[in-house]
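Chain by chain, the residues run as shown.
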Amino acid sequence: MTIPFSGSNPVSGRLTTNPAGISHLLHAMQNNNPAWAHDIAYGRSPDQQLVETLANSHGCTWAAASYAGQSAARLQIESGRPIMPIGGFAGSDAFPAPEDFKTKVAAGEICYFVAQEATLGVQPSGSAVASIAKWVADNYSARTIGNTTVYSLIAQD
């Protein structure tokens, strides 16, 4: 006996009529609701001013570091420069370790740190992402580029 499929693919097709189905959540996330879920699933849309700043960054292995992976990927694709994805896909992986990140900054390997406040708000306080973000905020000055909080990690900027 076979049971016919009556749902929908979560990211294509019509919304399922099942109110508990994941397609309703994914549809809401496409509309930035909640913002942190959208940013993790699809990546935050980068500000054009930020893209230009990163595209023009030179002298560093990484134009910037950011979290989560999807937002970092969008920055990398649009700027054409390498972006370090802190914390992996959802920002919850312990990569890089905070001490490794500090070593890369001290060596001048990372030009900028791009904050993603919505994503940071759902990270555990002891996570690598939270620890790195706190260390950057405690040791570098923030500035706003477009609608994004950015920290310059290089002395000449």
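Remember, it's a predicted structure, so these values are computed and weren't measured experimentally.

Asks: What am I meant to see in helix α3 (residues 48-55) here?
Replies: Every α-helical turn comprises 3.6 residues, leaving residues that sit three or four positions apart pointing alike. All buried positions along α3 are accounted for by Leu50, Val51, Thr53 and Leu54. Along α3, the residues classed as buried sweep out an arc of 160 degrees about the axis, all on the same side. Considering only its buried residues, α3 is in contact with β1 (62-66), α4 (69-79), β2 (83-85), β3 (110-114), β4 (142-145) and β5 (148-152).

Asks: Help me understand unusual backbone geometry in this model?
Replies: Among all residues except glycine, the phi angle is most often negative; among peptide bonds, the trans geometry is most common. Cis geometry marks the peptide bond from Phe95 to Pro96, where omega comes out at -10 degrees. Its location among the elements puts Pro96 in the loop between β2 and α5 (98-106).

Asks: I would appreciate a short explanation of the packing of aromatic side chains in the present structure.
Replies: Remark: the centre distance and the inter-plane angle together describe each pair of aromatic rings, the angle taken between the planes. A full pass over the atoms with the stated rule returns 5 aromatic pairs. Measuring from ring centre to ring centre gives 6.2 Å for Phe113 and Tyr151, while their planes differ by 55 degrees; the resulting arrangement is tilted. With Phe113 in strand β3 and Tyr151 in strand β5, this pair connects stretches of sequence that are 38 residues apart. Per residue, the accessibility class of Phe113 equals that of Tyr151, and both read buried. Pairwise contacts between aromatic rings join Tyr67, Phe101, Phe113, Trp135, Tyr140 and Tyr151 into one cluster.

Asks: Explanation requested: the packing of α3 against α4 in the structure shown.
Replies: Packed helices, taken two at a time, are described by the angle between their axes plus the distance between the axes. Orientation of α3 relative to α4, taken along the N-to-C sense of each, is 70 degrees, at an axis distance of 9 Å. When the axes of α3 and α4 are compared, the pair comes out roughly perpendicular. Crossing of α3 over α4 shows right-handed handedness. On the side of α3, the interface is formed by Leu50, Val51, Leu54 and Ala55, while α4 contributes Leu75, Glu78 and Ser79. For the contact of α3 with α4, the per-class residue count stands at 5 nonpolar, 1 polar and 1 charged.

Asks: Can you help me understand the state of the cysteines in this one?
Replies: Throughout this description, disulfide means a covalent bond between two cysteine sulfur atoms. In the structure shown here, the tally under the stated rule is 1 disulfide. Across the disulfide from Cys60 sits Cys111; the S-S distance is 2.2 Å. The sign of the 110 degrees torsion about the S-S bond sets the Cys60-Cys111 disulfide as right-handed. Taken together, the positions of Cys60 in the loop between α3 and β1 and Cys111 in strand β3 put the pair 51 residues apart, joining distant regions of the chain.

What counts and what doesn't
Residues numbered from 1 in each chain as written. Predicted model: local features only at pLDDT ≥ 70, side-chain atom pairs only at ≥ 80, totals over all residues. Heavy atoms only, no water. Buried < 20%, exposed > 50% of the residue type's maximum accessible area, 1.4 Å probe, protein only. Helix = DSSP H or I, 4+ residues; strand = E, 2+ residues; numbered from the N terminus. Arc of directions from axis to C-beta. Contact = heavy atoms within 4.5 Å. Phe/Tyr/Trp six-rings, centres within 6.5 Å; stacked < 30°, edge-to-face > 60°. Axes fitted to C-alpha atoms, helices over the stretch in contact; angles between N-to-C directions. Parallel < 35°, antiparallel > 145°, perpendicular 65-115°, else oblique. Left-handed = near helix turned anticlockwise from the far one by under 90°. Nonpolar A, V, L, I, M, F, W, Y, C, P; charged D, E, K, R; others polar. Disulfide = S-S within 2.5 Å.

Spatial relationships are all this shows, so hold off on functional conclusions.
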